[in-house]
Amino acid sequence: QVTLRAGAELNARQVNQYSLILRAACPGEDEVEERLFVRVTAGHVLRCDTPFASAEGDVVQVLADVAPRTPLYAVLPQSLGGLTVMGQGFPSPSFLQFRLRNHNTPLTLTRRGLVLAPDNGFDPSKDTQTFRLEIEVMDRHGHNCSGAVRVEVLPSRRPRVTFPEPHRAVTMTEGIGPWEVVTQVHARGDNVRYAILAPVAPALFTIDEVTGEIRSTRRLEGIRAHLLIRAYNMLHPDDHATTTVNVTVQGTDRQAPRCVPAIFVSQVPETVSPGSTLVTLRCSDATSTDRCLHYVLEGPPFSRSHFCMEGPQLKVNTTLDYDSEAMAALGFQFTATIVVTVGGQPLQSTRVPVLVTVTPVNEFRPACPNGATFTVPETAAFGSVVGRVAGTDRDYPLDSLEYSLEGGSGPAQPFSIDRRTGEIRVVGPLDYQQQKSYRLVVRLTDTHNDLDLGKRQSRLCDVFVRLQAVPDQLPVCIPEVQELRITAGSPGSRQPVTRLVCHSSPDSAVLTYNIVGGNEEGRFRLDGSTLVYLPNDRAEPHPFVLLVEVWGGSGARRRSSVVALVVHVTPRSTPVPPSTTTQHTTLQKEPLVVMQTEAVWHPPAWFVAVLTISGALLLATLGCTARNLLCR
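In the nomenclature of an unreviewed UniProt entry, the chain is known as CDHR4 protein of Leptocoma aspasia.

Shown next as structure tokens:
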């Protein structure tokens, strides 16, 4: 029977098939080997399990004195074939999203589906309180389901903190080493913590505030000590009790072995090879030889699996991998104790505390992302985000990288990259007609992966940015042909005639205006989009046919349109009805066609070749002549 390992997670998008090799043999027969292929398919269903999905919802009962932000309920998944059933069972995966539908509750729902107690806790003075939370769960494919949780807060039944023994006497023989357990006190109650009240600054003993273990801080020889221990409720410090512990250390004829060093603290790189010796203890006893000493390593199982004792030598047993979550959970430190025991009766021992800190070594180079290609419109504004370069690095902390752009930013490379996030932004003008794509060389440099900053590693990655063409449109003016009648003002004045109403695409493009025809004697000028008439002493009416060219865009993508303006100017002496306004009339006649010819010379290829060769020969002749003159 082949079963799925507990805690295993299957992801069909990463691995969709496993090949298992099975071997079987019966007594007296040859071994048979076969393969089993397990195919993993992606699920497409998300549903919430009962009682979470029921109308009443799941029910949780807590006491009113629960600590602030204590997890009260967890919306957890359980994988069943192609289904994802929500209930209590396994840790929540990162691809699920949790949303609280109702917000009229002091409870908090985290992104991992945990329901937490209020930041200030519950009010213990109230009777039973009830809070209902309606929760919606959604996966990354958009499938969702919903359910409810009803939290019932019950009145506190917290017991008082008390010591079963108000007094305790401890007697031991001398030779107790540093950090060795002398005794342990225990108090009844909730959230109990311990502290030494007297002496105020204890020099020989310390107490673990959680477990109540009293340990020695140095080697004890022939002393009497009186300790006053307080136990209190961490959440309610007013609830406390005290006990007295009398410690007596008696002398003995035999002495425990003395070791050098008495405490071993060291730093080792993660690449230290198994079998390497970290320290060799030099221990001796007044009445024994080194042959009677026994060395044993004690401590957490994780520490004992990575180190071992060979006589007085502490050695590395397995590889110390810094780049792992298990090592990070330990704070990259191993703690253990070497117990050195001397033979005879009674047995005497010395304890040597060990603290080994693993330091990082930059072992791996950063890795470039696959298919780093981005598309950006040519009209992208300054500072627009093009994309993000997501490099990776297997050294811990994972993916701790700095990003830089080779060659910097400039006209040939109008982009910049954020040093921390790897975001590429536009910092210059883009033109699809001039350049359709850019090849950027991004340098990935790892950080905080080695104690020696000179051992940083980097890698160059190619990133391609493709421009998306945005079609340009000719400027549009309304109307395109106008007939205007004005009365000339006094000579030397500036008389506004009309204002051209034009627009281009995109709307933010700047338009320029220029009179290209019909401006006789220079009597008209353009002030932006406003046409201005400069009056003179002309005595008879005169019509002007003006051609105004309107340009939009920039660089090689500039486009233009032409507007025709027919202006009838009437002198002041001509008897016409007084008019203080400009008349605008749209001409209903044949369209005015304006043709503009640009002369461009494209020489034939043979002419360019002959001109190039002639220039080269001329330069060679001048060089030889100059060389002969210098030699003379």
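Continuing now.
### Quick notes on the overall build of the chain
Looking only at helices and strands, one finds three helices and 45 strands in the chain. Counting across all 632 residues of the chain, residues that qualify as buried make up 35%. The contacts in the chain between residues at least 6 apart in sequence include a share of 64% that link residues at least 24 apart. For the chain, the accessible surface area stands at approximately 38,100 Å², while carbon and sulfur atoms represent 52% of it.

### Thoughts on the pairing of strand S21 (residues 264-269)
Burial along S21 is one-sided: the face carrying Phe264, Ser266 and Val268 is buried and the face carrying Val265, Gln267 and Pro269 is not. Across six bridges, S21 lies against strand S28 (residues 348-359) in parallel orientation. Bridge pairing in S28 places Phe264 opposite Val354.

### Section: the packing of aromatic side chains
Scanning the model with the defined rule gives 12 aromatic pairs in all. Between the aromatic rings of Phe52 and Tyr73, the centroid separation amounts to 6.4 Å while the plane-to-plane angle is 15°, which identifies the pairing as stacked. Of this pair, Phe52 sits in the loop between strand S3 (45-48) and strand S4 (58-63) while Tyr73 sits in strand S5 (residues 71-74), and the two are 21 residues apart along the sequence. For the pair Phe52 and Tyr73, a shared accessibility class is recorded, and that class is buried. Ring pairs connect the aromatic residues Phe302, Phe307 and Phe334, which therefore count as one cluster. It is Arg394 that lies over the ring of Phe364; its NZ or CZ is 3.9 Å from the centre. The ring of Tyr432 carries the charged tip of Lys436 above its face, separated from the ring centre by 5.1 Å.

### A few points about the pattern of salt bridges
The full count for this structure, using the stated rule, is 16 salt bridges. Between Glu402 and Arg456 there is a salt bridge, with the nearest N and O atoms lying 3.1 Å from each other. Of this pair, Glu402 sits in strand S31 (residues 401-405) while Arg456 sits in the loop between strand S34 (437-446) and strand S35 (458-468), placing them 54 residues apart in sequence. Classification of Glu402 by relative accessible area gives buried; the value is 17%. A salt bridge links Arg439 to Asp462, with the shortest nitrogen-to-oxygen separation between them at 3.1 Å. Within this pair, whereas Arg439 is found in strand S34, its partner Asp462 is found in strand S35, the two being separated by 23 residues in sequence. A cluster of three or more residues bridged by salt bridges with shared partners is formed by Glu402, Arg419, Arg420 and Arg456.

### Re the UniProt feature "transmembrane region" (unreviewed entry) in the chain
The UniProt feature table records "transmembrane region" (unreviewed entry) at residues 605-630. End C-alpha atoms of residues 605-630 are separated by 38 Å, and the span's content is 100% helix alongside 0% strand.

### Considering the state of the cysteines
For the structure on display, the rule yields three disulfides. The disulfide that involves Cys259 links it to Cys283, with 2.1 Å between the sulfurs. Torsion about the S-S bond of the Cys259 and Cys283 cystine: about 115°, corresponding to right-handed handedness. With Cys259 in strand S20 (residues 258-260) and Cys283 in strand S23 (residues 282-284), this residue pair connects regions lying 24 residues apart in the sequence. Paired through a disulfide, Cys368 and Cys461 show a sulfur-sulfur distance of 1.8 Å. Between Cys368 and Cys461 the disulfide shows an S-S torsion of about -85°. By sign, it is left-handed.

### Considering the nonpolar core
Counting 29 residues, the largest nonpolar core has Phe307, Leu314 and Ile338 as its most contacted members. Elements represented by at least two residues in this core include exactly S21, strand S22 (277-280), strand S24 (293-298), strand S25 (307-310), strand S26 (313-316), helix H2 (325-329), strand S27 (333-342) and S28. Among the elements that take part in this core, S27 stands out by supplying five residues, more than any other. Setting aside anything within four residues of it in sequence, one finds Leu314 in contact with Phe264, Ser276, Thr277, Leu278, Val279, Leu297, Phe307, Cys308, Met309, Ile338 and Val354. Counting 25 residues, the second-largest nonpolar core is a separate cluster that includes Phe52, Leu96, Leu100 and Ala117.

### As for the side chain of Thr350
By the secondary structure assignment, Thr350 is in strand S28. A distance of 2.3 Å separates a polar atom in the side chain of Thr350 from the backbone oxygen of Pro257. Ignoring anything within four residues of it in the chain, the contact list for Thr350 reads Arg219, Ala256, Pro257, Ile338, Val339 and Val340.

Cut-offs applied
Residues numbered from 1 in each chain as written. Predicted model: local features only at pLDDT ≥ 70, side-chain atom pairs only at ≥ 80, totals over all residues. Heavy atoms only, no water. Helix = DSSP H or I, 4+ residues; strand = E, 2+ residues; numbered from the N terminus. Buried < 20%, exposed > 50% of the residue type's maximum accessible area, 1.4 Å probe, protein only. Contact = heavy atoms within 4.5 Å. Areas by Shrake-Rupley, 256 points an atom, 1.4 Å probe, with all protein chains shown as cover. Pairing = 2+ DSSP bridges. Phe/Tyr/Trp six-rings, centres within 6.5 Å; stacked < 30°, edge-to-face > 60°. Lys NZ or Arg CZ within 6 Å of the ring centre and 35° of its normal. Salt bridge = Lys/Arg side-chain N within 4 Å of Asp/Glu carboxyl O. UniProt positions renumbered as here; feature names shortened; annotations may be inferred. Disulfide = S-S within 2.5 Å. Core = buried A, V, L, I, M, F, W, Y, C linked by side-chain atoms within 4.5 Å. Polar contact = N/O pair within 3.5 Å; in protein donor to acceptor, adjacent residues only side chain to side chain.

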